[in-house]
Amino acid sequence: MRKIDEEAEAERVKADLAELEGLRRYLIFGIKARRSGNREKLMRAIDDYVEEMTPDRTALHGKNHKCG
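Note on numbering: residues in each chain are counted from 1, in written sequence order. Restriction of local features to residues with pLDDT of at least 70 applies here, the model being predicted, together with a cutoff of 80 or more for giving and counting side-chain atom pairs; totals for whole chains, interfaces and linings are based on all residues. The basis for the side-chain values is all heavy atoms of the structure; hydrogens and waters are excluded.

Chemist: When you look at the packing of helix α1 (residues 2-29) against helix α3 (residues 39-53) in this model, what are you seeing that I'm missing?
Modeler: Between two packed helices, the angle of one axis relative to the other and the distance separating the axes together describe the packing. It is at 10 Å that the axes of α1 and α3 come closest, and there the two elements cross at 160°. Between α1 and α3, the angle falls in the class roughly antiparallel. Relative to α3, the crossing made by α1 is left-handed. Along its contact with α1, which presents V13, D16, L17, L20, L23, R24, L27 and I28, the element α3 presents R39, L42, M43, I46, D47, Y49, V50 and M53. Throughout, an axis means a line fitted to C-alpha atoms (over the contacting stretch in the case of helices), and angles, computed between N-to-C directions, take values from 0 to 180 degrees. Helical segments are the DSSP runs of H or I of at least four residues, strand segments are the runs of E of at least two, and each set is numbered from the N terminus. Any angle from 65 to 115 degrees is called roughly perpendicular, while one under 35 is roughly parallel, one over 145 is roughly antiparallel, and all others are oblique. Left-handed describes a crossing whose near helix is turned anticlockwise from the far helix by less than a right angle; the clockwise case is right-handed. In this description, contact between two residues means that some pair of their heavy atoms is separated by no more than 4.5 Å.

Chemist: Would you mind showing me how to read the side chain of R24 here?
Modeler: Examined against the element boundaries, R24 turns out to sit in helix α1. Relative accessible area decides the class of each residue, using a 1.4 Å probe on protein chains only: under 20% of the type maximum gives buried, over 50% gives exposed, and in between gives partly exposed. Residue class for R24 comes out buried when judged on its relative accessible area of 9%. Separated by 3.0 Å, the side chains of R24 and H61 make a polar contact. With residues near it in sequence (within four places) discarded, R24 still touches M43, I46, D47, L60 and H61. Two N or O atoms count as a polar contact when they lie within 3.5 Å, although within protein this holds only if one can serve as hydrogen donor and the other as acceptor, and sequence-adjacent residues are included solely when both atoms are side-chain atoms.

Chemist: Even after reading the chapter, I still don't get the environment of L17, so can you show me in this structure?
Modeler: By the secondary structure assignment, L17 is in helix α1. Taking relative accessible area as the criterion, L17 reaches 16% and is therefore assigned buried. Each C-alpha atom, one on L17 and one on V50, is 7.2 Å from the other, the two residues being 33 residues apart in sequence. Excluding residues within four positions of it along the chain, L17 makes contact with V50, M53, T54 and L60.

Purely geometric stuff here, so don't read any function into it on its own.
Structure representation (structure tokens):
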């Protein structure tokens, strides 16, 4: 029973991270969001929440990003 609960919680976290990633991408790339004065506050709030769910505050940062 405990394993089922842990698996269910892992799925909930995975779903939450997917939703937060979409919101974060909107804040980074959305035209209206770039003009918002609260953009940085919202991104920090997302990062804070991700840090509560996972040990990695930057779990949503720079996915599929290559420099140079």
